[in-house]
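A closer look at the structure
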Amino acid sequence: MTPSIPISLNTKRPRGLEDLIAYIKSYNPDVDTDLITKAYLFSEKLHQGQKRTSGENYFQHPIEVAFIVAELQLDTGSIVTALLHDTVEDTVATLAEIEALFGPEITALVDGVTKISQISFQTSEEKQAENFRKMVFAMAKDLRVILVKLADRTHNMRTLQPLRPDKQARIAQETLDIYAPLANRLGLSAMKRELEDLSLRYTKPEIYYKLVTQVAKKIKERDQYTQDVLAMIEGALHEHGYHNIKVSGRPKHFYSIQKKMEKRNLTYEEVYDLTGFRIVLETVEQCYGVLGLIHSLWTPVPGRFKDYNAIPKANFYQSLHTTVIGPAGERIEIQIRTTAMHDTAERGIAAHWAYKEGKNVAQEASKFSWLNRLVEWNKDLQDPNEFLETVKLDLFSEDVYIFTPKGKVIEFPQGSSPVDFAYSVHSDLGHHCIGAKVNGRIVPLKHKLKSGDTVEILTSQNQTPHKDWLKIVKTSKAKNKIRQFIKTQAHESSKVMGEMILEKELKREDLKFKTLLKEGLLTEVAEGFSLKSVDELLSAIGYGKLSAKKVIGKLNLPSSKKSSEDLKEGKETTRPLQKIVEEASRKSTSRQGIKVKGIGDLLVHFARCCNPVPGDSVIGFITRGRGISVHSRKCPKVFDSDPHRLIDIEWDMAISAERSVKIRVICHDRPGLLADMSGVIKDQKANITRAQIGTTKDKKAVCLFTVSIKNLPHLSKILSTLEGIPGVISTERVQKKV
Ligand code: MN
């Protein structure tokens, strides 16, 4: 057994046309040898005289790329593309010439590879995002483009040695950032391992070469042990009638060892599972049979069995994984799979259409839900940086598989929450999601889902998406829907506000909003400000971008109606908004327990500075686009605020909305005091959500509790009861001073 040290495929004698055709024929006897020969000779002639940095003939590169493509057993079109892939960029050949000689399909492929080669991922974030988009677009059109590009990169990485160290490091880093994860996503795990190991060699040479030595030494040491385990597995299998079975030791590749050491801060010696074992059989039934056998031989480690046969990974990977306690008391990882599964595991998407000519490639690509997602986002996300963030996240995160209550499996990026799940089913379910039952247990929205969880969403019609949800969701679908909702909501509240402000101003001019609207005069004004509609005009006023006076100034009124009174404006109405709302109708409640006089359904949130609770005397501040923020009337921030934006509000005591407050208790430190205090708070039917205890120099204890309470009387009751506890010196509600 040898470790997976990447060896260059450069044999002593440079490989040529005969070797290539012989190789392809070994898996595809019907290959179009004429077409391959034509492409070979065409490219050879064009690259004639060109040398690589190493001094060898340039043409050797396209030949080797064609070999890598052939190892993936791709179709003739892909191999021809590999041979031609550098002709347009590096020689005098044109796409028109290629089209005349090889037809439109090959031309599109060569063009695609050329374009991807021109993409640089080293530029600014924004440029990078745009380049990512281009690549995704090329992939969606024809996946073979990216497969040939990956083969090209693989050969470049194998022959990186002669380049300058800075160039080596740059190319290796790009490979690690973009191409290795892509290979992984497409299921090309053999290629992914090679790209990662080669990248490690050039990005962190000291670590790489140290690992090579260590692994070689360890393998020698462990050789006997590995042989023993192999013999035991084989013996057991034969005894139970399994024959013609491949069992092999499976050393981890350097990059994954290094990752593991780095992530868990382990030394090389501590990375115990350097060797896993792989059993390859003929049928799926045999796989499960052998799994049972292994579990009867050695004790399985709970929670380590994974059935990727029943639920394949996003990149089609299928296998059974288990970890058992081996003969020496060590953990052993074992993979059990069929030959077909193994083929898919190594070649990924390539195994799925292989050399079978004439298959609909786009259709094959559509089987990759990951790729579908990318293409979808490409359409959805207008901001290139948002796209980049999402793609990067998705490119690197493993998927988790979640069951619906009906047993359907849905894939999510790791770290997804019930909110992601809810939005994946339906936007309405997402908007009203208040929590979930995961495997029958109620969990909060921020709960992280794990593979195999069954999720049932709990909803309430009163629930609406919150900005904080953006922090707990991982899927772009959920992110987009939440952002959209918040934008619409903000727009709506600004519109309502804008209409009120404008109506009030118009009244002073003896004008009627409704009449102007009917006569189309407001539409004209909106156009005058380059706004699409009256709604947008109102929203701009409510948001504070436009003043009502400016809007009125632009009104194209019959001269008799124009009044010069507007010069008197301002003095007698110091708080116009308050008057507006008083004049408006008085039937509105909010589920947060706040009544805004006359305005229904506005966004309301509680100011962090003073954190008012029901019973506190409060006032509203109309924010720019974020609805109304509720402050305590005593809050110093209120006095600094624009008085035109203050609005009267009151608590709706009919609604019992719980609010969180912080209370500080100073007491003499004595045993059992904490229990007494929490007991008192509990007796008052309040919930402690957080507690922090500290001590002062003079041995006093300072306790900070976050408690959810109903209203001010409730809070006062809690504070006075706390003060009754022996040892308590003082209690107070904590409000941030501004
Ligand atoms: Mn190339």
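It should be noted that the structure appears before, not after, this text.
Described in the following lines is the structure provided in the data block. Computed from a predicted model, the values in this text were never measured in an experiment. (Residues numbered from 1 in each chain as written. Predicted model: local features only at pLDDT ≥ 70, side-chain atom pairs only at ≥ 80, totals over all residues. Heavy atoms only, no water.)

**A word on the pairing of strand β15 (residues 628-632)**
By the criterion of burial, β15 is predominantly enclosed, with 5 of the 5 residues buried. Of the two faces of β15, the one holding Ile628, Val630 and Ser632 and the one holding Ser629 and His631 are both buried throughout. The pairing of strand β13 (residues 604-606) with β15 spans 3 bridges and is parallel. Note on β15: the bridge partner recorded for His605 is Ser629. (Buried < 20%, exposed > 50% of the residue type's maximum accessible area, 1.4 Å probe, protein only. Helix = DSSP H or I, 4+ residues; strand = E, 2+ residues; numbered from the N terminus. Pairing = 2+ DSSP bridges.)

**A look at the coordination of the manganese ion**
Here the manganese ion is held by His61 (NE2), His85 (NE2), Asp86 (OD) and Asp152 (OD), and the distances to it run 2.2 to 2.4 Å. We note that the donor set of the manganese ion lies within a single chain, spaced as H-x23-H-D-x65-D. Pair noted here: His61 is in helix α3 (residues 60-71) and Asp86 is in the loop between α4 (76-84) and α5 (87-90), with a separation of 25 residues, a long-range link. The exposure class assigned to Asp86 is buried, which follows from its relative accessible area of 6%. (Donors = N, O, S within 2.8 Å, 3.2 Å for Na, K, Ca; no water.)

**Some points on the sheet that holds β13**
With mixed pairing, the 4 strands of this open sheet are ordered in space as β13-β15-β14-β16. Looking along the sheet, the strands with just one partner apiece sit at the ends: β13 and β16 (646-647). Bridging between strand β14 (residues 618-622) and β15 involves 5 bridges; their strand directions are antiparallel. When the sheet's bridge partners are listed, Ile622 is paired in β15 with Ile628.

**Re the pattern of salt bridges**
Under the defined criterion, the tally for this structure stands at 17 salt bridges. When salt bridges that share partners are traced, they join Asp75, Glu105 and Arg144 into one network. (Salt bridge = Lys/Arg side-chain N within 4 Å of Asp/Glu carboxyl O.)

**Topic: unusual backbone geometry**
The backbone of Asn439 sits at a positive phi, close to 50°, despite the residue not being glycine. With respect to the secondary-structure elements, Asn439 resides in the loop between β9 (433-438) and β10 (441-443). Among the residues examined, Asn439 registers a relative accessible area of 48% and is labelled partly exposed. The phi dihedral of Asp510 falls on the positive side, at around 65°, and the residue is not glycine.

**Section: the nonpolar core**
The nonpolar side chains of a soluble globular protein tend to be buried, and buried together. Grouped together as the largest cluster of nonpolar side chains are 59 residues, with contacts concentrated most on Ile36, Ile79, Leu84 and Leu188. Take this core: its biggest share by element is 8 residues, from helix α8 (residues 143-158). Leu188 has contacts with Leu72, Leu147, Leu150, Ala183, Glu346, Arg347, Gly348 and Ala350, leaving out every residue within four places of it along the chain. (Core = buried A, V, L, I, M, F, W, Y, C linked by side-chain atoms within 4.5 Å. Contact = heavy atoms within 4.5 Å.)

**A look at helix α6 (residues 95-118)**
A rise of 1.5 Å per residue sets the reference length of α6, with its 24 residues, at 34 Å; its end C-alpha atoms lie only 16 Å apart and thus fall more than 12% short of the reference. When the local axis directions of α6 are compared, the greatest deviation, roughly 130°, occurs at Gly103, which is followed within four positions by the proline Pro104. Looking at α6, one finds that the buried residues are Ile98, Phe102, Gly103, Ile106, Thr107, Leu109, Val110, Gly112, Val113, Thr114 and Ile116. (Expected span 1.5 Å × (residues − 1). Bend = angle between axes of the 7 residues up to and from the residue.)

**Observations concerning the pairing of β14**
For a regular strand, the rule is simple: side chains alternate between the two faces of the sheet. Counting buried positions over the 5 residues of β14 gives 4, a clear majority of the element. Sheet analysis places β14 next to β16, joined by 2 bridges and oriented antiparallel. Bridge pairing in β16 links Gly620 to Ile647.

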